[in-house]
Amino acid sequence: MAEPATATQAAAPVVALLKNELDIVIPTIRNLDFLEMWRPFFQPYHLIIVQDGDPSKTIKVPEGFDYELYNRNDINRILGPKASCISFKDSACRCFGYMVSKKKYIFTIDDDCFVAKDPSGKAINALEQHIKNLLSPSTPFFFNTLYDPFREGADFVRGYPFSLREGVPTAASHGLWLNIPDYDAPTQLVKPLERNTRYVDAVLTIPKGTLFPMCGMNLAFNRELIGPAMYFGLMGDGQPIGRYDDMWAGWCTKVICDHLGLGVKTGLPYIFHSKASNPFVNLRKEYKGIYWQEEIIPFFQQAVLPKDCTTVQKCYIELAKQVKEKLSKVDPYFDKLADAMVTWIEAWDELNPTGPVPNGKAA
Amino acid sequence: SAVHNLSNITDLSPLPDHILIELFLRTLRAGKLTERVLKLFIATGKDEVFSLIQALNIQVTVTPVLPTRALRPDLTSFMNEWRTIFSRFHLIIVKDPDLKEELKIPEGFNLDVYKKPDIDRVVGTSTSTIFSGYSCRYFGYLVSRKKYIISVDDDCYPAKDNKGILVDAVAQHITNLTTPATPFFFNTLYDPFTEGADFVRGYPFSLRSGVQCALSCGLWLNLADYDAPTQALKPEERNSRYVDAVLTVPARTLMPISGINIAFNREVIGPALLPSLRLGGEGKFRWETMEDIWSGMCVKVVCDHLGHGVKTGMPYVWRNDRGDAIASLRKEWEGVKLMEEVVPFFQSVRLSREAKTTEDCVAEVANVVKEQLGSKDPMFARAAKAMVDWVKLWKSVGSSTSSPGA
């Protein structure tokens with residue numbers, strides 16, 4: 001089962017749900033050949049490509065895709081001094097794509113992720129499953145033992161209160177990976193040959209009050225509901241840490257979702273992750289993170305947002321304040337990160353102004 | 001060949017030491033070291049055998065007990081279907097005291113059967129009423145002296161997994177109970193202790209040793225454990241989705257714990273599984289009860305307080321079609337409405353720091369039930385009293401070994 005699907009062309013004609021409401025954000029430094037495989041599923045959608053690394057290099061996009069591409073020069077031009085919040089030489093730069101998008105939904109995927117096969121051998125349309133996850137409610141307040149009750153063939157089990165069966169809007173859909181699993185460097189070093197071959201046919205809501213490690217390889221979210229929380233932090237060049245961008249975004253996102261009564265789902269869809277990054281390189285990047293997460297996790301687990309934080313931006317600014325107060329003592333990096341979090345929100349609001357107030361001026 | 005003939009041997013002491021050890025190891029490797037055979041080896045009194053047992057950490061108390069409620073008198077097909085899986089273990093069969101007919105139980109099992117007269121003898125005729133209907137299983141939990149208990153409704157057969165292989169539900173429950181749970185942080189690849197899985201990037205290392213798993217909640221193929229309104233609305237719906245996962249239910253997250261297919265560590269949380277909530281119209285179909293859901297909420301609150309884990313997912317059992325959801329609807333509205341109170345109540349329960357044993361925790365929950373819910377419905381007041389009585393009963397009848405719970 002641990003093989004990517006090859007017969008995607010033979011897949012039945014795909015109905016492209018949310019065609020004009022969803023952008024696919026892809027960070028890359030290499031090339032975008034992987035898109036060939038995704039073509040039947042992705043071609044109807046608009047792509048936002050965020051080019052990391054050397055801006056003078058040309059990234060070739062396969063024919064027939066509708067896309068916009070941003071390299072570092074573009075980021076600097078568009079954000080000016082605020083560009084400092086966008087990471088350099090790290091896939092964390094992808095969050096710039098979230099910021100410039102004008103769509104309601106985002107799907108983000110890494111360029112070493114291919115189409116997976118389900119146990120019957122059928123090619124998995126990961127985007128379609130993410131959309132299903134996002135368009136159906138989440139159930140964070142009470143755990144359903146048969147997993148997502150809104151999936152075909154499932155429902156709420158005996159004992160599930162009817163008043164909780166409407167669920168809440170789903171803000172994010174976290175997909176998984178067959179083949180190379182998303183392990184940290186120490187685990188990779190100890191188990192270099194371990195491959196994830198287990199297809200778990202479930203989607204479930206992560207309960208309120210529970211944190212999780214959010215991987216950015218195969219992720220979709222409702223930009224209108226939670227977009228500003230998806231800041232992928234300061235990583236890569238000039239930073240003491242790497243490979244914690246999505247983790248950071250995930251913890252912030254979950255705390256804010258819990259506060260605002262939004263849901264986060266995890267499970268299907270699977271993609272086929274083909275490239276195992278170098279564990280020694282990873283170790284050097286993650287090294288500090290492995291220590292720091294021991295402090296960071298309790299921080300997020302105990303974070304309380306005041307009732308007057310009623311928008312994502314307000315929640316995020318408040319979180320940034322708490323990061324500065326409580327995590328700066330762990331390392332001065334968090335002081336910088338807290339500032340960058342504020343810069344991010346300022347940049348977000350600049351690029352995404354809310355509608356005009358009654359007297360015609362922009363808010 | 002001696003390994004295969006072990007069932008016929010009654011005394012191993014004539015064997016020379018080195019042959020005894022070799023036989024022991026081969027028996028172990030062949031998977032034939034049952035409790036009876038282990039006792040044979042122990043009976044030789046040889047030091048080498050004892051040191052081997054210690055070194056390999058083999059525990060006699062690991063043998064599970066299976067209380068099966070007999071709600072229908074004829075258990076023949078149920079027990080025959082489970083024979084290959086159950087026959088290695090000691091079974092406890094508890095007959096619903098309200099069932100009038102004689103039980104039909106096939107030969108070839110190591111079991112104890114408890115009927116109304118037995119229940120009356122152990123707990124007294126006035127108390128034995130708490131064990132009617134599905135609650136008869138709690139009597140089995142009370143009298144068992146084993147470390148692990150596995151409990152399966154008698155309308156469930158072994159299921160087949162996605163590859164068509166029969167699922168050994170007992171083995172899976174034991175695996176769940178004997179590997180750590182991870183309630184403090186969610187692992188996106190589910191149970192990290194399963195073969196082929198691990199903790200993902202971003203999972204704090206300090207949380208990777210996990211905590212003891214006290215409860216293992218299995219699932220059901222075919223007739224899922226829906227309530228009557230749900231099943232009545234979708235009369236043809238059957239669960240055909242086999243989800244190949246076990247996961248830990250996060251701390252402070254509550255869920256409906258169905259009693260149809262569960263297992264638990266009796267030493268650790270025995271007293272917390274209890275017969276207490278009884279619906280006015282409590283019936284003989286699962287749709288017509290909430291006793292297990294109530295009990296399960298108590299168990300989860302206690303586990304969260306004491307730092308134990310609860311797992312959910314595999315194993316699956318195949319649940320046979322039974323009953324008429326629409327007919328049950330009338331009875332079950334009561335239970336369905338109750339959950340609107342019950343869930344927010346349990347979500348708000350906070351136990352004191354002084355509650356360090358399972359019994360203390362249950363007593364505290366009972367107190368809070370009485371104070372906060374007792375006035376809303378006499379059913380809750382009765383449930384609270386039943387919980388207090390249960391703790392007393394457990395202390396007098398249930399514990400031969402103490403269950404510190406911590």
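Keep in mind that what you see is a predicted model, and the values were worked out from it rather than measured.

1. Observations concerning the overall build of chain B
Reasoning step 1: Of regular secondary structure, chain B possesses 13 helices and nine strands.
Reasoning step 2: Evaluated residue by residue, chain B yields a buried proportion of 59% over its 406 residues.
Reasoning step 3: Taking the contacts inside chain B whose residues are at least 6 apart along the sequence as the reference set, 76% of them involve residues at least 24 apart.
Reasoning step 4: In the form shown here, chain B has an accessible surface area of approximately 16300 Å², with 53% of it arising from carbon and sulfur atoms.

2. Notes on the overall build of chain A
Reasoning step 1: Broken down by element type, chain A carries 10 helices and nine strands.
Reasoning step 2: The C-alpha radius of gyration of chain A comes to 20 Å, within 12% of the 21 Å expected for a compact globule of 363 residues.
Reasoning step 3: On the principal axes, the C-alpha backbone points of chain A span a range of 55 × 55 × 50 Å.
Reasoning step 4: The burial tally for chain A puts 60% of its 363 residues in the buried class.
Reasoning step 5: About 14000 Å² of surface is accessible on chain A, with carbon and sulfur atoms providing 55% of the total.

3. Let's talk about the packing of aromatic side chains
Reasoning step 1: Taken as a whole and assessed by the stated rule, the structure comprises 38 aromatic pairs over all chains.
Reasoning step 2: Ring centres of Tyr138 of chain B and Trp390 of chain B lie 6.3 Å apart, and the angle between their planes is 75 degrees; this geometry places the pair in the edge-to-face category. Taken together, the residues Tyr138 of chain B in helix H6 (residues 136-143) and Trp390 of chain B in helix H13 (residues 378-398) connect sequence positions 252 residues apart.
Reasoning step 3: The buried category is assigned to Tyr138 of chain B, whose relative accessible area is 0%.
Reasoning step 4: The buried category is assigned to Trp390 of chain B, whose relative accessible area is 1%.
Reasoning step 5: Through a chain of ring-to-ring contacts, the aromatic side chains of Tyr114, Phe131, Tyr138, Phe139, Tyr141, Phe264, Trp390 and Trp394 of chain B assemble into a single cluster.
Reasoning step 6: Geometry around Phe162 of chain A places Arg165 of chain A over its ring, the cationic atom sitting 3.7 Å from the centre.
Reasoning step 7: Above the plane of the ring of Phe205 of chain B lies Arg208 of chain B, whose end atom (NZ or CZ) is 3.7 Å from the centre.

4. Topic: the nonpolar core
When a protein is soluble and globular, its nonpolar side chains tend to lie buried together.
Reasoning step 1: Core analysis: the biggest nonpolar cluster contains 238 residues, and Trp248 of chain A together with Trp294 of chain B have the highest contact counts within it.
Reasoning step 2: Examining the composition of this core, we find that 11 residues originate from one element, helix H10 (residues 332-351) of chain A, more than from any other.
Reasoning step 3: Among the nonpolar cores identified, the runner-up in size contains 10 residues, and Ile21, Leu23, Val37 and Phe41 of chain B belong to it.

5. With respect to the domain arrangement of chain B
Reasoning step 1: Examined at the domain level, chain B breaks down into domain 1 (2-56) and domain 2 (65-400).
Reasoning step 2: A straight line from the C-alpha centre of domain 1 of chain B to that of domain 2 of chain B covers 36 Å.

6. Details of the UniProt feature "site: Required for activity" (unreviewed entry) in chain A
Reasoning step 1: The positions UniProt marks with the feature "site: Required for activity" (unreviewed entry) are Arg158 and Arg165 of chain A.
Reasoning step 2: Residue classification places Arg158 of chain A among the buried positions, given a relative accessible area of 1%.
Reasoning step 3: Residue position: Arg165 of chain A is located in the loop between helix H4 (126-135) and strand S6 (170-179).
Reasoning step 4: A relative accessible area of 11% places Arg165 of chain A in the buried class.
Reasoning step 5: Contact partners of Arg165 of chain A, with chain neighbours within four places excluded, come to Phe150, Phe156, Val157 and Tyr160 of chain A together with Asp227 and Thr230 of chain B.
Reasoning step 6: Here the side chain of Arg165 of chain A touches Tyr160 of chain A through a polar contact of 2.7 Å, landing on its backbone oxygen.

7. Brief notes about the environment of Val268 of chain B
All names here are of chain B.
Reasoning step 1: For Val268, the position within the fold is in helix H9 (residues 266-269).
Reasoning step 2: With relative accessibility at 8%, the residue Val268 sits in the buried group.
Reasoning step 3: On a C-alpha basis, the gap between Val268 and Leu215 in space is 9.5 Å, while along the polypeptide they are 53 residues apart.

8. A look at the interface of chain B and chain A
Reasoning step 1: Contact with chain B, which involves 61 residues of that partner, is made by 61 residues of chain A.
Reasoning step 2: Between chain B and chain A lies a buried interface of about 5000 Å² when both sides are counted; carbon and sulfur atoms form 56% of it.
Reasoning step 3: Our count for the contact surface shared by chain B and chain A stands at 10 salt bridges.
Reasoning step 4: Between Arg198 of chain A and Asp244 of chain B there is a salt bridge, and its shortest N-O distance comes to 3.5 Å.
Reasoning step 5: Inspection of the region where chain B meets chain A yields 28 residue pairs in polar contact (both at pLDDT 80 or more).
Reasoning step 6: Element by element, the count of residues in the side of chain B that touches chain A is highest for helix H11 (residues 325-348) of chain B, at six residues.

9. Digging into the pattern of salt bridges
Residue and element names in this part refer to chain A.
Reasoning step 1: If you walk through the whole model with that rule in mind, you get 39 salt bridges over all chains.
Reasoning step 2: In this structure, Lys103 and Asp23 form a salt bridge, with 2.9 Å as the shortest nitrogen-oxygen distance. Residue Lys103 is located in the loop between helix H3 (95-100) and strand S4 (105-109), and its partner Asp23 is located in strand S1 (residues 22-28); the two are separated by 80 residues in the primary sequence. Asp23 matches Lys103 in its accessibility class, with the two residues each being buried.

10. What about a nonpolar patch on the surface?
Residue and element names in this part refer to chain A.
Reasoning step 1: A contiguous nonpolar patch, built from Leu189, Val190, Phe280 and Leu283 and spanning about 370 Å² of accessible area, is present on the exposed surface.
Reasoning step 2: Those elements that place two or more of their residues in the nonpolar patch are helix H5 (185-190) and helix H8 (279-302).
Reasoning step 3: Its location among the elements puts Val190 in helix H5.
Reasoning step 4: On the basis of relative accessibility, which here comes to 67%, the residue Val190 falls in the exposed class.

11. Let's talk about helix H7 (residues 169-178) of chain B
Residues lying three or four places apart along an α-helix face the same way, a consequence of the helix completing one turn every 3.6 residues.
All names here are of chain B.
Reasoning step 1: For H7, the set of buried residues is Ala169, Val170, His173, Ile174, Asn176 and Leu177. All buried residues of H7 fall inside an arc of 160 degrees around its axis, so they share one side.
Reasoning step 2: With a side-chain oxygen positioned 3.2 Å from the backbone nitrogen of Val170, the residue opening H7 is Asp168.

12. Section: the environment of Trp82 of chain B
All names here are of chain B.
Reasoning step 1: By the element assignment, Trp82 lies in helix H4 (residues 76-86).
Reasoning step 2: The class of Trp82 is buried, set by a relative accessible area of 0%.
Reasoning step 3: Note: C-alpha distance between Trp82 and Cys156 (74 residues apart in sequence) is 9.3 Å.
Reasoning step 4: Residues within four places of Trp82 in sequence aside, it is in contact with Ser87, Val152, Cys156, Tyr157, Pro158, Ala169 and Val317.
Reasoning step 5: Engagement of the side chain of Trp82 in a polar contact is seen with the backbone oxygen of Cys156, the distance being 2.7 Å.

Cut-offs applied
- Per chain, residues are indexed from 1 in the order of the written sequence.
- For naming, the first written chain is A and the first written ligand is 1, with later ones following in the order written.
- Only residues with pLDDT of 70 or above have their local features reported here, since the model is predicted, and side-chain atom pairs are shown and tallied only from 80 upward, although totals for entire chains, interfaces and linings are computed over all residues.
- Side-chain figures throughout are based on the complete set of non-hydrogen atoms in the structure, without hydrogens or water.
- The secondary structure listing takes helices from DSSP runs of H or I that are at least 4 residues long and strands from runs of E that are at least 2 residues long, numbered from the N terminus.
- Throughout, exposure labels follow a simple rule: accessible area from a 1.4 Å probe, protein chains only, divided by the maximum for the residue type, with under 20% read as buried, over 50% as exposed, and the rest as partly exposed.
- Any pair of residues with heavy atoms lying within 4.5 Å of one another is described as a contacting pair.
- Only the protein chains shown count as cover for residues, and the accessible areas themselves come from Shrake-Rupley with a 1.4 Å probe.
- For a compact globule the rule gives 2.2 Å times the number of residues to the power 0.38, and the radius of gyration it is set against comes from C-alpha atoms.
- Pairing of aromatic side chains here covers Phe, Tyr and the six-membered ring of Trp, requires ring centres within 6.5 Å, and sorts the geometry by plane angle: under 30 degrees stacked, over 60 edge-to-face, intermediate tilted.
- Two limits define a charge over a ring: the Lys NZ or Arg CZ must be within 6 Å of the ring centre, and within 35 degrees of the ring normal.
- We define the nonpolar core as a collection of buried residues of types Ala, Val, Leu, Ile, Met, Phe, Trp, Tyr and Cys that are connected through side-chain atoms lying within 4.5 Å of one another.
- The domain boundaries here were taken from an automatic or database domain assignment.
- UniProt positions are given in the numbering used here, feature names are shortened, and annotations may be inferred rather than shown by experiment.
- Any pair of nitrogen or oxygen atoms within 3.5 Å is treated as a polar contact; in protein, a donor-acceptor pairing is required on top of that, and neighbouring residues in sequence qualify only through side-chain atoms on both sides.
- What gets called buried area is simply the loss in accessible area from a 1.4 Å probe that two parts show on being joined, summed for both.
- Salt bridges are defined by distance alone: a side-chain nitrogen of Lys or Arg within 4 Å of a carboxyl oxygen of Asp or Glu.
- Patch construction takes residues with relative accessible area above 30% that form no salt bridge. Like charges are linked within 9 Å, and nonpolar side chains (Val, Leu, Ile, Met, Phe, Trp, Tyr) are linked within 5 Å.
- To be clear, the arc concerns the directions from the helix axis to the C-beta atoms.

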